[in-house]
Amino acid sequence: MLVKLMKYEFKATARMFLPMYLIILALALINRLFMELNGYSTSFRIFPENDMIQSILSILTGATMTIYILGLIAMFFISFIIFVYRFYKNLMCDEGYLMMTLPVKPSQHIWAKLHTSMIWSVATILVFILSLFILLLNGDGIQWMVQNLPFLFHNLIKGFFETELITQFHLVFFIIEFIVLLVVSNYSGIVFYYACLALGHRLSKKHKILYAIGAYLVISFVMQIVALILMMFAGIFLESIVLSPTALGHLIMIGSIILSAAEFVLFFFITHSTLSKHLNLE
Amino acid sequence: MENILECRGVSKIYTQFPALNFTNLTVKRGRIVGLLGPNGSGKTTLIKMISGILTPSSGSISINGIPVGAQTKNMVSYLPERTYLNDWMKVRDIIDFFSDFYTNFNKEKAYDMLKRLQINDGDRLKTMSKGTKEKVQLVLVMSRETDLYLLDEPIGGVDPAARDYILDTIISNYSENSTVIISTHLIYDIEKILDDIIFINQGNLFLAASTDEIREQHGKSIDAYFREVFRC
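Just so it is clear, the structure is predicted and the values come from calculations on it, not from any experiment. Residue numbering note: each chain is counted from 1, following its sequence as written. Chains carry letters from A onward and ligands carry numbers from 1 onward, assigned in written order. The predicted nature of this model means local features are confined to residues of pLDDT at least 70 and side-chain atom pairs, given and counted, to a pLDDT of 80 or more, with totals for whole chains, interfaces and linings taken over all residues. Think of the side-chain values as coming from all heavy atoms in the structure, minus any hydrogens and water.

1. A few points about the environment of A:Leu248
In step 1: Locating A:Leu248 in the fold gives a position in helix 8 (residues 245–277).
In step 2: Residues are treated as being in contact if the distance between any of their heavy atoms lies within 4.5 Å. Excluding residues within four positions of it along the chain, A:Leu248 makes contact with A:Leu238 and A:Leu243. A run of H or I in DSSP becomes a helix once it reaches four residues, and a run of E becomes a strand once it reaches two; helices and strands are each numbered from the N terminus.

Structure follows, in structure tokens:
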């Protein structure tokens, strides 16, 4: 069931993501074209340097570059809006009549949307990197990579295995902690918005979005205070104990993971309880 | 199991406003039941609770003896009053969607009905009129071979010819073991196909009896009796 739900999630959201990705990549391509006309990879310049028409070209190049950068920022922003909007529209508006009568548990609905959002997040980052490649990568760059990357990589691996076993252990652990934190905080970040929508839905019949925004502001504020208090306690606690930097680093990482996980559980619970017991579709 | 639906002490209270306050209600298999009552009497609230998209404030509802949940949603086919289909899909997409999630969805039956209604499976839901969308929804609901059909105002916004077609579809497509609960105002049109009647008024169960009993006891049509009972 979860896989089926995710399949339809992708179908529904691809219509929004794929055009956006294509636009970004097209913008990168257009920018690259302008850059080449200005002699980026070769020394070919289509117009002589001091010609007035070159000034126009330079202005155009600058303008398209600005549009591309704005586009990148917009892409990340819009991706996020799509996740949140999709949850609201599909489960809490008219389509909710269709979705919530499926022989599916509410938790499966939430997980399907969370996993799909996660995958699109990764895709957005990949598109961002791809657009950079389109923009910047040329023969010189490739040559540099081919010449230097294997060497750098080899040195990195060699350096790793030359350190003490315990250092290797810590390094690997830090990398794992970092990835886990990234994933958990991504999930908890998204489910936080779901919970705000759920609370808005529950608290008001006519002003659901307004209450959702209110919930967002209140919860954000409370989370910040809680984080502050936790940091104060952590500071006091750490003053009375002597810790090596590595141990401290691990403590912070694991502490952050636990905090994110706790947030995730709380917001998942709020969302789930609203969908399963307090749903009131109009 | 003879009783397809059992409601026990079910109520729904919206911040001190009781929308529904039932005692007990049982509905048997193989009956076409009319859920009748004035606007705001609680018909849709009851139907939503049976279909699982609204939770009772108290009491329990069970279908085939199983409490409302993911399992009973497979046994219930619900047609809401509003259109709930996602606009971006084509007709064949939503049919694939239904047959993907519901094991008891009969694709051939659905395509057959659509053909008779002259609805193309490649049409986008977005481009359809409200009436056509409602017909598509009805086709989807009636193509499921389930124990309980819940139809909320199925003939409300439709022209008289389509009304007849819908009533015929309802009768010819439900199996003997299934029950159909139809909530409507248009009692006159629907009276002829109803086996049982449930009257609701202001959230309270007023009457639950068979159509014949009511007609004999009061010597008039259900439509006339309704007007008498709920006179403004």
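What follows picks up the thread again.
2. Some points on the layout of surface pockets
All names here are of chain B.
In step 1: The pocket and cavity definitions rest on a 1 Å grid over protein atoms only: a 1.4 Å probe that fits but cannot leave marks a cavity, an open set with protein on both sides within 12 Å along at least five of seven lines marks a pocket, and residues lining either have an atom within 4 Å of a point. Grid points are joined across faces, edges and corners, and a volume is the space filled by probe spheres set on the points. In this structure, the largest pocket encloses a volume near 500 Å³.
In step 2: Looking at the largest pocket, it is lined by 27 residues, and the ones nearest its centre are Gly40, Gly42, Lys43, Thr44 and Thr45.
In step 3: Of all elements in the fold, only strand 2 (17–21) and helix 1 (43–51) reach the threshold of two or more residues within the lining of the largest pocket.
In step 4: Element by element, the count of residues in the lining of the largest pocket is highest for helix 1, at four residues.
In step 5: Each residue gets one of three labels, nonpolar for Ala, Val, Leu, Ile, Met, Phe, Trp, Tyr, Cys and Pro, charged for Asp, Glu, Lys and Arg, and polar for the others, Gly among them. Among the residues making up the lining of the largest pocket, the classes are represented as eight nonpolar, eleven polar and eight charged.

3. With respect to the packing of aromatic side chains
For any two aromatic rings, the description comes down to two numbers: the centre-to-centre distance and the angle of the planes.
In step 1: In this scheme Phe, Tyr and Trp rings, the latter by its six-membered ring, pair at centre separations within 6.5 Å, and the angle between planes marks the pair as stacked below 30 degrees, edge-to-face above 60, and tilted otherwise. As enumerated under the stated definition, the model contains 32 aromatic pairs over all chains in all.
In step 2: Aromatic pair A:Phe192 and A:Tyr216: ring centres 5.5 Å apart, planes at 35°, arrangement tilted. In this pair, A:Phe192 is assigned in helix 6 (residues 165–203) and A:Tyr216 in helix 7 (residues 208–239), connecting sequence segments 24 residues apart.
In step 3: Centre to centre, the rings of B:Phe97 and B:Phe101 are 5.0 Å apart; their planes meet at 55°, and the pair counts as tilted. Of this pair, B:Phe97 and B:Phe101 both sit in helix 3 (residues 91–101), four residues apart, which is roughly one turn of the helix.
In step 4: Working definition: with a 1.4 Å probe on protein chains only, accessible area under 20% of the residue-type maximum means buried, over 50% means exposed, and in between means partly exposed. Judged by relative accessible area, B:Phe97 falls into the buried class, the value being 2%.
In step 5: Among the aromatic residues, those joined into a cluster by ring pairs are A:Tyr8, B:Phe97, B:Phe98, B:Phe101, B:Tyr102 and B:Phe105.
In step 6: Across the ring face of B:Tyr102, the terminal group of B:Arg144 is positioned such that the distance to the ring centre comes to 3.5 Å. Sitting over a ring, as applied to charges here, requires NZ of Lys or CZ of Arg to be within 6 Å of the ring centre and within 35 degrees of the ring normal.

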